[in-house]
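# Structural characterization, general
Below are the chains, spelled out letter by letter.
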Amino acid sequence: MKDLNEMSQTDQESAVDVLKMQARGVDVFYGAGGRTGSAAGMAADLAADKNVTHAIKGVDVDIADKTVTAFIGPSGCGKSTFLRVLNRMNDTIEGCRVTGKVTLEGEDIYDPNVDPVQLRAKVGMVFQKPNPFPKSIFDNVAYGPRIHGLSSNKADLADIVERSLRRAAIWNEVKDRLDAPGTGLSGGQQQRLCIARAVATSPEVLLMDEPCSSLDPIATAQVEELIDDLRSRYSVVIVTHSMQQAARVSQKTAFFHLGNLVEFGDTDKIFTNPSDPRTESYITGRIG
Amino acid sequence: MSDVTQKAPKRSLFAPDARTQKRNRAEKRFQYYGMAAVGVGIFALIVLLTSILGSGLSSFRQTYISFPVDLLAERIDPEGNRNPAEMAAVTTFGYMPLLAMSFQAHLEAEGIEHEMGARELAAMLSDDAPAQIRDRVLANPDLVGTTIDVQILVGGRIDGFFKGRVTMASAERDRNVSPAQLVLAQVLADRGDVVTRFNWDFITAPDASGQRPEAAGLGVAIIGSFYMMLVVLALAPPIGVAASIYLEEFAAKNRFTDLIEVNISNLAAVPSIVFGILGLAVFINFMEFNQSSPLVGGLVLTLMTLPTIIITTRASLRAVPPSIRQAALGLGASRMQSVFHHVLPLAMPGILTGTIIGLAQALGETAPLLLIGMVAFVREYPDLMSTHSNSFPLMGDGATALPVQVYSWTQRADPAFVERASGAIIVLLVFLVVMNAIAILLRRRFERRW
Ligand SMILES: Nc1ncnc2c1ncn2[C@@H]1O[C@H](COP(=O)(O)OP(=O)(O)OP(=O)(O)O)[C@@H](O)[C@H]1O
Ligand SMILES: [Mg+2]
């Protein structure tokens, strides 16, 4: 009875949700070489090619505003690949081709007239592997605000850096050594530094690829708190291998399997009453 | 199950098994190979350095003779009005007898015994000495008619006697020197009239003809090499680094860029003399730049250095982890920002190494310079702003270069030039060491920024 109540509540919430991003019929291929051509023809062509990895197959996803969306699925199913579709980071990968339509607030982000640089300022990303710049902790966080001109003076910048580091739950550990190299931090600290760096540019959508994979339970709880906090203003998409985490932080969940989107819907429904048997076996730990 | 555990009996960690021992022996052996290889290298280096220093260091010292010279007015200023323009009509041949007479008079006045004729005595002095006196007189006409104390070069053979190259026995067989000259030289040396001292002229003076090795210097060659390095430094690193960044970070990977890549690798392997032919055809015949000018030399060496710089720069750009670029791009940096803010600083040590290697190569290169005429005998210091009308107004004067000077000195008959050539190699090596030291310092600076 209680479950039902909560479900209807979330249903109501999602009903008023504004659509932020929308993906329709997205296919991603790796190892496509320099091939180009009309989108539909190329997709069919690449799908038939044995040497090309068909990493994402006709995926439709809606990312609502002020919502946390979780991507779950076994390793290698294409979660990271699909996440990179959303901010066109796949463009930077040699031989990677994306077909289909993705929109941000109704605008096609794969339109030839769209500057991916501008897109990425709006759709920020935390990578699966921590990749701090080999610069000081301060410069790591300050880099985004600097290139986007988000601060008017030094004090302002220092303020943004401090706020971002606090939100990423790392301020207390690094406040005395902001000049130390970011690469000298521990793996988990580096990951939180990267989160702070991404948050500092105030993106509208934040893509997080397994942000808690090397964090202890305390830091994980703090990052989850941050995600919840971000939800009040932004959309967050999080890839996670932890079912509990997906259930805790997300309102929507997408389950990927072998490049297909098997099931997408309200988190509560996916975890309590999945409609696809593959989803059920995955969340109960039988495939993966 | 129990069978298996019995077959592998428990071993102590302190007793290495046969496999470990074998592996350790292989490792030891490999270390010995490595040490032997390093040893061979060090041995070769020591042999090289001792042979070059042994035969070349003496070129930094030169033997001089001092005696008073009567600057007879009727000989060097026949018009008698002390006008340098008119006095310039008297060539060095007019000064030679003056020196010979003064030398003879000096020996008589001091009561030094010898059994030589005037000609044999005069032959002890360098052919270059009259020119030195003449320059001094023309610079200061008031000296005419006075007696001045001079210190002038002795001939190459006498100099060789004090450096151990010429002996009494060899003088017997040598047309250019007699034992009597050597005996007198020794007497004068014992009196302190003949001294061997440090010779700045070796570094600053221009080349001299084959008959007067004692006066030959590296001045023109050093300036020529320096100007060429300026040209290479101004052109090769910017062009090379820009090309590498474009090819590595921006250009699409397709057949065309593959072709370029293959061609750059091939160019790096092209014999350097081919670049000389190219320079001759393009810069001298087509663009009509002055031949043997540092400008043309520098351009040829730039072409030769570019492949080296491009290959090393691309390798060091490729060594920067892609995750750094992705981090920058993911934050909304443009491709150029990601390259200039993050990738380039990380690749800088490698780029510097490649650039310095390229420059060092260029500094030591001879073959292409021979083809563009830099082997010419040049006694004039090249002008930075040359006045040659048919040429580009910068560095258009003829010059020669250090390695070419080494080459042309080794071609000359007089054995004194062997010493000169070795001395020039020492100068060249010093420049190379300085350049490498600068490279190491710069690299340190950049590496400290992690
Ligand atoms: N750069 C690449 N080049 C070629 N193939 C790739 C590349 N990146 C991913 N793939 C392939 O695409 C498929 C999806 O990979 P992806 O990284 O998206 O998986 P994932 O769901 O994020 O896995 P994980 O949970 O282990 O991170 C895999 O089969 C992988 O081999
Ligand atoms: Mg992944």
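Residues numbered from 1 in each chain as written. Chains lettered and ligands numbered in written order. Predicted model: local features only at pLDDT ≥ 70, side-chain atom pairs only at ≥ 80, totals over all residues. Heavy atoms only, no water.

### Looking at the overall build of chain B
The line we're drawing: Working definition: helices are DSSP H or I runs of at least four residues, strands are E runs of at least two. Numbering for both runs from the N terminus. C-alpha atoms define the radius of gyration in this analysis, and the globule rule sets the expected value at 2.2 Å times the number of residues to the power 0.38. Burial status follows relative accessibility: with a 1.4 Å probe on protein chains alone, a residue under 20% of its type maximum counts as buried, one over 50% as exposed, and anything between as partly exposed. Whether two residues touch is decided by their heavy atoms; if any such pair falls within 4.5 Å, the residues are in contact. Areas reported here follow the Shrake-Rupley algorithm with a probe of radius 1.4 Å; residue values treat only the protein chains shown as occluding. When charges are counted, Lys and Arg are positive and Asp and Glu negative, with His and the chain ends excluded. In plain terms, the charge of a residue is placed at NZ if it is Lys, CZ if Arg, CG if Asp and CD if Glu.
Assigned secondary structure in chain B consists of 20 helices and three strands. A compact globule built from 450 residues should have a C-alpha radius of gyration of about 22 Å, whereas chain B, at 31 Å, is more than 25% larger. Out of the 450 residues in chain B, the part that is buried amounts to 44%. Sequence-distant contacts, at least 24 apart, represent 77% of the contacts inside chain B between residues at least 6 apart. Just so you have it, chain B exposes about 23700 Å², and 62% of that area is on carbon and sulfur atoms. Averaged over its 37 positive side-chain charges, chain B has a centre that lies 21 Å from the centre of its 38 negative ones.

### Regarding the confidence of the model for chain B
Our working rule: Confidence of the predictor at the level of single residues is given by pLDDT, which spans 0 to 100.
For chain B, the average pLDDT comes to 87, and 95% of its residues sit at 70 or higher. Across the interface, the model reports ipTM at 0.87; the global pTM reads 0.83.

### Brief notes about the sheet that holds strand β7 (residues 205-209) of chain A
All names here are of chain A. Counted only if it meets this: Only when DSSP finds a minimum of two bridges between them are two strands counted as paired. Axis definition: a line fit to C-alpha positions, over the contact stretch in the case of helices; interaxial angles, taken between N-to-C directions, run 0 to 180 degrees.
With respect to topology, six strands assemble into an open sheet ordered β6-β7-β8-β3-β9-β10, the strand pairing being mixed. The sheet terminates laterally at β6 (123-126) and β10 (260-266), the two strands that pair on one side only. Within the sheet, the average angular offset between the axes of one strand and its neighbour, ignoring direction, is 15 degrees. As judged from the six bridges shared by strand β9 (residues 252-257) and β10, these two strands associate in the antiparallel manner. Of the residues in β10, the one forming a bridge with Thr-253 is Gly-265.

### As for the domain arrangement of chain B
To keep it simple, the criterion reads: Where each domain starts and ends comes from a domain assignment, either automatic or drawn from a database.
Once the domains are mapped, chain B shows domain 1 (64-192) and domain 2 (219-446). One C-alpha centre belongs to domain 1 of chain B, the other to domain 2 of chain B, and the line joining them spans 46 Å.

### Notes on the interface of chain B and chain A
Size of an interface, as often reported, equals the accessible area lost when the parts are brought together. As a reminder of what qualifies: Once two parts are brought into contact, the accessible area they lose, counted with a 1.4 Å probe and summed over both, makes up the buried area. The salt bridge definition used is simple: a Lys or Arg side-chain nitrogen within 4 Å of an Asp or Glu carboxyl oxygen. Here a polar contact means two N or O atoms within 3.5 Å. Within protein one must be a hydrogen donor candidate and the other an acceptor candidate, and residues neighboring in sequence count only if both atoms are side-chain atoms. Under the grouping applied here, Gly and all other residues not named as nonpolar or charged are polar, the nonpolar ones being Ala, Val, Leu, Ile, Met, Phe, Trp, Tyr, Cys and Pro and the charged ones Asp, Glu, Lys and Arg.
Counting residues at the interface gives 18 residues for chain B, matched by 26 residues for chain A. Summed over both sides, the interface of chain B with chain A buries roughly 1800 Å², with 65% coming from carbon and sulfur. The interface formed by chain B and chain A contains zero salt bridges. If you look at where chain B meets chain A, you find five residue pairs in polar contact (both at pLDDT 80 or more). Contributions of two or more residues to the side of chain B that touches chain A are made by α16 (322-330) and α17 (335-363) of chain B. When the residues that make up the side of chain B that touches chain A are grouped by side-chain class, the tally is eight nonpolar, eight polar and two charged.

### Quick notes on helix α14 (residues 272-286) of chain B
Residue and element names in this part refer to chain B. Applicable threshold: A helix is expected to span 1.5 Å multiplied by its residue count minus one. A residue's bend is given by the angle between axes fitted to the 7 residues ending at it and the 7 residues starting at it.
With 15 residues, α14 should cover 21 Å at 1.5 Å per step; its first-to-last C-alpha distance of 20 Å lies within 8% of that length. At Gly-279, α14 is bent by approximately 30 degrees, the largest bend along its length. Along α14, the residues classified as buried are Ser-272, Phe-275, Gly-276, Gly-279, Phe-283 and Ile-284. If you follow the buried residues of α14, they end up packed against α13 (255-269), α15 (294-318) and α18 (367-371). Downstream of α14 by one or two residues, Glu-288 has phi in the positive range, about 60 degrees.

### A look at the sheet that holds strand β1 (residues 61-70) of chain B
Residues and elements named next belong to chain B. Across the sheet, three strands lie side by side as β2-β1-β3; this open sheet has antiparallel pairing. At either margin of the open sheet sits one strand with a lone partner, and together these are β2 (147-153) and β3 (194-198). This sheet shows a mean twist of 35 degrees between the axes of neighbouring strands, independent of strand direction. The pairing of β1 with β3 spans five bridges and is classified as antiparallel. Bridge pairing links Thr-63 to Thr-196 in β3.

### Regarding the coordination of the magnesium ion (ligand 2)
All names here are of chain A. Put simply, the rule is: Each metal's donors comprise the N, O and S atoms found within 2.8 Å of it (within 3.2 Å for Na, K or Ca). Water is not part of the atom list, so some coordination spheres may appear incomplete.
Coordination of the magnesium ion (ligand 2) by the protein comes from Ser-80 (OG) and Gln-128 (OE1), over a distance range of 1.9 to 2.3 Å. Within this pair, whereas Ser-80 is found in helix α3 (residues 79-86), its partner Gln-128 is found in the loop between β6 and α5 (137-148), the two being separated by 48 residues in sequence. On the accessibility criterion, Ser-80 (14% relative accessible area) is buried.

### Side note on the nonpolar core
What counts here: For our purposes a nonpolar core is just a set of buried Ala, Val, Leu, Ile, Met, Phe, Trp, Tyr and Cys residues, chained together by side-chain atoms within 4.5 Å.
Among the nonpolar cores identified, the biggest contains 50 residues, and B:Leu218, B:Leu301, B:Leu369 and B:Trp409 are the most heavily contacted of them. Those elements that place two or more of their residues in this core are α12 (219-250), α14, α15, α17, α19 (402-410) and α20 (416-447) of chain B. The contacts of B:Leu369, once residues within four sequence positions are left out, are B:Met228, B:Gly297, B:Leu301, B:Met374, B:Val375, B:Ala401 and B:Val404. Counting residues in each nonpolar core, the second largest holds 43 residues, with A:Phe138, A:Val223, A:Leu230 and A:Ile283 among its members.

### Looking at the environment of B:Ser408
Counting through the fold element by element, B:Ser408 comes out in helix α19. Overall, the relative accessible area of 13% leaves B:Ser408 in the buried class.

### A closer look at the packing of α14(B) against α15(B)
Residue and element names in this part refer to chain B. To be explicit about the condition: Any angle from 65 to 115 degrees is called roughly perpendicular, while one under 35 is roughly parallel, one over 145 is roughly antiparallel, and all others are oblique. By definition, any crossing whose near helix is turned counterclockwise from its far helix by less than a right angle is left-handed, and any crossing with a clockwise turn is right-handed.
The contact between α14 and α15 brings their axes to 9 Å, and the two run at 130 degrees. For the element pair α14 / α15, the angle class is oblique. Crossing handedness for the pair α14 and α15: right-handed. For the pair α14 and α15, contact is made by Ser-272, Phe-275, Gly-276, Leu-278, Gly-279, Phe-283 and Ile-284 and by Val-296, Leu-299, Val-300, Leu-303 and Met-304, respectively. A breakdown of the residues in the contact of α14 with α15 according to their chemical character gives nine nonpolar, three polar and no charged.

### What to know about the site of ligand 1
Residue and element names in this part refer to chain A. The condition is simple: Here a residue is considered near a molecule or strand provided that any single heavy atom belonging to it is located within 4 Å of it.
Close to ligand 1 lie 14 residues; Ser-75, Lys-79, Ser-80, Thr-81 and His-241 are nearest. Side-chain polar atom of Ser-75 to an oxygen atom of ligand 1: 2.4 Å apart, as the coordinates give it. Residue Ser-80 places a side-chain N or O atom 2.6 Å away from an oxygen atom belonging to ligand 1. For ligand 1, whose accessible area on its own is 630 Å², the fraction buried by protein is 65%. Top contributing element to the shell around ligand 1 by residue count: α3, with four residues.

### Looking at the side chain of A:Asp276
Residues and elements named next belong to chain A. Among the secondary structure elements, Asp-276 is positioned in the loop between α11 (267-272) and α12 (277-283). Residue classification places Asp-276 among the buried positions, given a relative accessible area of 16%. Discounting residues that sit within four places of it in the chain, Asp-276 has contacts with Val-262 and Glu-263.

### Observations regarding a nonpolar patch on the surface
All names here are of chain B. Defined as follows: The patches reported here contain residues having more than 30% relative accessible area and no salt bridge. Joining distances are 9 Å for like charges and 5 Å for nonpolar side chains (Val, Leu, Ile, Met, Phe, Trp, Tyr).
A cluster of nonpolar side chains, contributed by Leu-45, Leu-48, Leu-49, Leu-53 and Leu-57, occupies part of the molecular surface with about 420 Å² of accessible area. Mapped onto the elements of the fold, Leu-57 is located in the loop between α2 (18-56) and β1. For Leu-57, a relative accessible area of 46% corresponds to the partly exposed category.

### Here's the deal with unusual backbone geometry
Residue and element names in this part refer to chain A. Unlike most non-glycine residues, Arg-88 shows phi in positive territory, near 60 degrees. Within the secondary structure, Arg-88 sits in the loop between α3 and β4 (97-104). Overall, the relative accessible area of 11% leaves Arg-88 in the buried class. The phi dihedral of Ala-169 falls on the positive side, at around 60 degrees, and the residue is not glycine. Within the fold, Ala-169 resides in the loop between α6 (154-167) and α7 (171-174).

### A word on the pairing of β4(A)
As a general feature of sheets, a regular strand has side chains that alternate between the two faces. All names here are of chain A. Of the strand pairs in this sheet, strand β1 (residues 19-30) and β4 are connected by seven bridges, and their pairing is antiparallel. Each residue of the ladder has a partner; that of Met-21, found in β4, is Leu-104. Note: β4 against strand β5 (residues 107-108), two bridges, orientation antiparallel. Along β5, the bridge assignment pairs Leu-104 with Glu-107. Counted between consecutive antiparallel strands, the loop separating β4 from β5 contains two residues, among which Glu-105 sits at a positive phi close to 50 degrees.

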